[in-house]
Amino acid sequence: MSLFCRYRIQSDRKVAACSVHPSEQATLQCLGCVKAKIPPAKSYHCSTKCFFDAWQHHRLLHDRAASAVNENGNEEEELFGRFNSVSGVNNTSLSGSASSASLANGSAPLYPAAITQRSGGETWFEVGRSKTYTPSADDIGHVLKFECIVADAESKLLVGHPSILLTSRVIPAPSPTPRCLVPVSGVDLMGHLDSDARIASSGTFTVLSYNILSDVYATSELYSYCPSWALSWPYRRQNLLREIVGYRADIVCLQEVQSDHYEEFFAPELDKHGYQALYKRKTMEVYSGNSHTVDGCATFFRRDRFSHVKKYEVEFNKAAQSLTDAVVPSAQRKTALSRLVKDNVALIVVLEAKFSNQGPDNPAKRQLLCVANTHVNVRQELKDVKLWQVLTLLKGLEKIAASADIPMLVCGDFNSVPGSAPHALLAMGKVDPLHPDLVVDPLGILRPHSKLTHQLPLVSAYSSFARARVGLGLEQQRRRMDRTTNEPLFTHCTRDFIGTLDYIFYTADSLSVESLLELLDEESLRKDTALPSPEWSSDHVALLAEFRCKPRPRR
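Everything in this summary refers to the structure shown in the same document. (Residues numbered from 1 in each chain as written. Predicted model: local features only at pLDDT ≥ 70, side-chain atom pairs only at ≥ 80, totals over all residues. Heavy atoms only, no water.)

### Some words on the nonpolar core
We apply this condition: In these notes, a set of buried Ala, Val, Leu, Ile, Met, Phe, Trp, Tyr and Cys residues joined through side-chain atoms within 4.5 Å is what counts as a nonpolar core. Residue exposure (1.4 Å probe, protein chains only): buried if accessible area is under 20% of the type maximum, exposed if over 50%, otherwise partly exposed. Going along the chain from the N terminus, every DSSP run of H or I of four or more residues is numbered as a helix, and every run of E of two or more is numbered as a strand. Any two residues whose heavy atoms approach within 4.5 Å are treated as being in contact.
Ranked by size, the top nonpolar core spans 78 residues in total, and within it Phe 205, Ile 251, Leu 409 and Phe 547 carry the most contacts. Considering every element that reaches this core, the biggest residue donor is helix H6 (residues 233-247), with 6 residues. When near neighbours in sequence (up to four residues on either side) are disregarded, Phe 205 contacts Asp 250, Ile 251, Arg 305, Phe 306, Phe 355, Leu 369, Leu 409, Leu 511, Ala 545, Glu 546, Phe 547 and Cys 549. Residues Val 341, Ala 421, Leu 425 and Leu 446 belong to the second largest nonpolar core, which totals 40 residues.

Quick look at the structure:
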């Protein structure tokens with residue numbers, strides 16, 4: 001048998017961690033932060049260069065604190081006026097009591113002060129005896145020691161020498177600024193106030209769409225700018241879970257969810273928060289890796305808000321086989337399938353609301369909702385395949401719409417920028433025959449171009465930011481929108497690419513947008529080079545929209 005013991009090594013000399021490079025020991029502290037009572041952990045820096053490089057973002061902390069502390073500006077000038085030149089820095093060794101308050105976080109130690117050993121100015125505190133251990137706030141800034149020794153199961157006598165592992169200093173978990181919901185209700189498709197939006201149809205619901213970056217793709221080769229600890233799955237999964245749960249969405253559509261991570265982590269963890277889970281794994285005709293690590297689409301919904309009615313699974317590989325059998329000459333089918341078969345899938349779920357969205361004329365009518373969640377092929381040279389996959393999904397949704405009067409949501413990572421043919425098909429219901437994307441069609445699967453249409457009244461949820469009336473406090477969000485496409489400037493941000501690939505589309509005849517999750521600005525992300533980062537654990541940005549079902553007239 002093995003015995004485990006874990007210790008926190010606490011030096012008599014207190015140590016603080018740099019707020020920008022948390023693995024580095026801090027050597028200076030911003031006095032402006034101290035005077036403004038900004039959390040101490042945000043005031044430390046490892047060098048003068050670190051402080052100067054971070055000043056543009058660090059100064060925002062001062063500005064926010066100043067506006068919160070004093071509205072008349074007098075105290076603001078006293079506290080911050082002399083620090084705007086980046087001179088208010090306490091360049092010390094941060095020893096003794098100066099940093100002890102921040103390290104203890106004002107709380108009592110989690111474990112009794114049982115001194116196991118003391119030598120050379122260091123004290124070892126026992127913090128656990130289990131095989132696993134989650135660092136606490138008291139551990140921040142300290143080295144942890146893991147000790148394992150073999151013992152005889154019968155006599156309990158120790159055998160041999162202990163194996164010892166020392167960690168680097170524990171760093172505080174990044175705490176990104178919470179993203180807020182921005183109201184946009186009362187805006188119709190022409191940007192005018194919509195009186196129908198004020199009809200008292202109680203109850204709204206929220207939908208989140210998020211590509212969480214599968215662990216198999218999160219390599220140090222692709223994301224060398226992200227610290228290895230922040231790229232590791234044990235860290236990312238907890239950070240992603242914290243973010244997802246924090247949005248409190250009624251419906252959650254995730255892409256790039258590995259099969260093993262769905263079964264072992266996301267499904268059980270989100271179940272604890274009241275979500276029911278549905279999953280569609282990608283097919284494996286192209287993927288040659290472990291079946292447990294293949295990713296797919298996962299849709300979760302709150303059990304207290306919705307019940308599951310039906311599930312449809314779309315396998316584009318099967319659709320490719322049917323297409324080639326029907327239109328491709330037999331001699332060319334192998335070549336055609338090698339181009340079309342890419343393992344992508346879509347998950348379509350029909351839900352029934354447990355809350356009323358109907359007007360007084362139809363109080364007892366069932367409120368159904370159809371939610372599609374997909375991840376379209378990533379390869380940029382396969383423009384014909386992307387468009388064909390989107391068209392195939394939309395034709396399937398049209399069949400569902402024909403059989404039931406049902407609002408629809410189409411969410412996911414479409415790997416298509418605004419203005420591309422797939423985006424045009426989704427947003428406009430058709431593709432211009434002269435669209436440059438249509439030039440790439442070696443199999444002729446997009447011809448005749450007149451078939452590239454659908455009848456669903458789809459609108460991009462985030463276009464509501466562009467259509468909203470002036471004066472609704474949306475100017476900051478508008479600056480983060482592309483005015484030519486009415487889409488966000490980006491939903492995907494790496495060192496080599498920034499642009500919009502993710503969307504939430506809705507049927508505008510049956511749903512209206514009440515509010516949207518605010519967009520991130522590129523400048524705030526570039527302080528960590530790009531995504532993923534210690535704060536945000538995917539290379540995509542989560543999108544969330546709040547909807548209301550429009551009251552439907554009696555038939």
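After that view, the rundown keeps rolling.
### Topic: the side chain of Asn 239
Our working rule: Pairs of N or O atoms are called polar contacts if they sit within 3.5 Å, as long as, within protein, a hydrogen donor faces a hydrogen acceptor (for residues adjacent in sequence, only side-chain-to-side-chain pairs).
Here Asn 239 is to be found in helix H6. A polar contact is formed between the side chain of Asn 239 and the backbone oxygen of Glu 535, at a distance of 3.0 Å.

### Regarding a nonpolar patch on the surface
The following threshold applies: Distance thresholds for patches are 9 Å for like charges and 5 Å for nonpolar side chains (Val, Leu, Ile, Met, Phe, Trp, Tyr), applied to residues having over 30% relative accessible area and no salt bridge. Calculation of accessible area relied on Shrake-Rupley with a 1.4 Å probe; when residues are assessed, cover is drawn exclusively from the protein chains displayed. Salt bridge criterion: a side-chain nitrogen from Lys or Arg within 4 Å of a carboxyl oxygen from Asp or Glu.
Where nonpolar side chains cluster on the molecular surface, the patch consists of Met 1, Leu 3 and Leu 158 and spans about 270 Å² of accessible area. Among the secondary structure elements, Leu 3 is positioned in strand S1 (residues 2-11).

### Observations regarding the packing of aromatic side chains
Heads up, the condition is: Under the pairing criterion, centres of Phe, Tyr and Trp rings, with the six-membered ring standing for Trp, must be within 6.5 Å; the plane angle then separates stacked pairs below 30 degrees from edge-to-face pairs above 60, leaving the rest tilted. Note on geometry: a ring has a charge over it if NZ (lysine) or CZ (arginine) is within 6 Å of the ring centre and within 35 degrees of the ring normal.
Under the criterion given, the structure shown has 18 aromatic pairs. On the numbers, 5.2 Å between centres and 80° between planes, the contact of Trp 229 with Tyr 235 is edge-to-face. A connected cluster of aromatic rings, assembled from ring pairs, spans Phe 205, Phe 306, Phe 355, Tyr 506 and Phe 547. Stacked on the ring of Tyr 275, the Lys or Arg Arg 302 has its end atom at 5.4 Å from the ring centre. Over the ring of Phe 355 we find Arg 305, and its NZ or CZ is 4.0 Å from the ring centre.

### Let's talk about the pattern of salt bridges
For the structure shown, the criterion picks out 23 salt bridges. Note that Glu 514 is salt-bridged to Arg 548, the shortest N-O span being 3.4 Å. In this pair, Glu 514 sits in strand S24 (residues 511-517) while Arg 548 sits in strand S25 (residues 543-549), placing the two residues 34 residues apart along the sequence. Across the pair Lys 527 and Glu 535 runs a salt bridge, and its minimum N-O distance is 3.5 Å.

### With respect to the packing of helix H10 (residues 383-403) against helix H11 (residues 421-428)
The axes of two packed helices give the description: the angle between them and the distance between them. Rules: Here the axes come from fitting lines to C-alpha atoms, over the contacting stretch only for helices, and the angles between their N-to-C directions go from 0 to 180 degrees. With respect to orientation, any angle under 35 degrees is reported as roughly parallel, any angle over 145 as roughly antiparallel, any angle of 65 to 115 as roughly perpendicular, and every other angle as oblique.
Relative orientation of the contacting elements H10 and H11 amounts to 25°, with a least axis distance of 8 Å. Taken together, H10 and H11 sit at an angle that is classed as roughly parallel. Facing Lys 386, Leu 387, Val 390, Leu 391 and Leu 394 of H10, the residues of H11 in contact are Ala 421, Pro 422, Leu 425 and Leu 426.

### With respect to the sheet that holds strand S23 (residues 502-507)
Rules: When DSSP finds two or more bridges between two strands, those strands count as paired.
Ordered in space as S14-S15-S16-S17-S23-S18, the 6 strands form an open sheet in which the pairing is mixed. Pairing within the sheet leaves two strands with one partner each, and these edge strands are strand S14 (306-315) and strand S18 (458-460). On average, each strand axis in the sheet is tilted by 20° relative to the strand beside it, whichever way the strands run. Strands in contact with helix H8 (residues 316-327) are S14, strand S15 (345-353) and strand S16 (368-375); relative to S14, the strand with the most contacts, it is inclined by about 45°. Along the sheet, H10 contacts S14, S15, S16, strand S17 (408-413) and S18; its crossing angle with S17, the most-contacted strand, is approximately 160°.

### Examining the layout of surface pockets
Heads up, the condition is: A 1.4 Å probe that fits into a set of points on a 1 Å grid over the protein atoms alone but cannot get out defines a cavity; an open set with protein on both sides within 12 Å along at least five of seven lines defines a pocket, and lining residues are those with an atom within 4 Å of a point. Grid points are joined across faces, edges and corners, and a volume is the space filled by probe spheres set on the points.
The space that makes up the largest pocket amounts to roughly 1,700 Å³. Taken together, 50 residues line the largest pocket, and the ones lying closest to its centre are Lys 42, His 57, Lys 527, Asp 528 and Glu 535. For the lining of the largest pocket, the secondary structure elements donating two or more residues are helix H2 (48-69) and helix H14 (522-526). If one sorts the elements of the lining of the largest pocket by residue count, H2 sits on top with 11 residues.

### Quick look at the packing of H8 against helix H9 (residues 333-340)
Cut-off, in case you're wondering: Definitions for this section: a left-handed crossing has its near helix turned counterclockwise from the far helix by less than a right angle. A right-handed crossing has that turn clockwise. Lys, Arg, Asp and Glu make up the charged group, whereas Ala, Val, Leu, Ile, Met, Phe, Trp, Tyr, Cys and Pro make up the nonpolar group; the residues left over, Gly among them, are polar.
Running from N to C, H8 and H9 cross one another at 150°; their axes reach a closest spacing of 10 Å. Comparing their axes, H9 and H8 come out roughly antiparallel. The crossing of H8 and H9 is right-handed. Facing H8, whose interface residues are Ala 320, Gln 321, Leu 323, Thr 324 and Asp 325, H9 presents Arg 333, Ala 336, Leu 337 and Leu 340. Of the residues in the contact of H8 with H9, the class split is 5 nonpolar, 2 polar and 2 charged.

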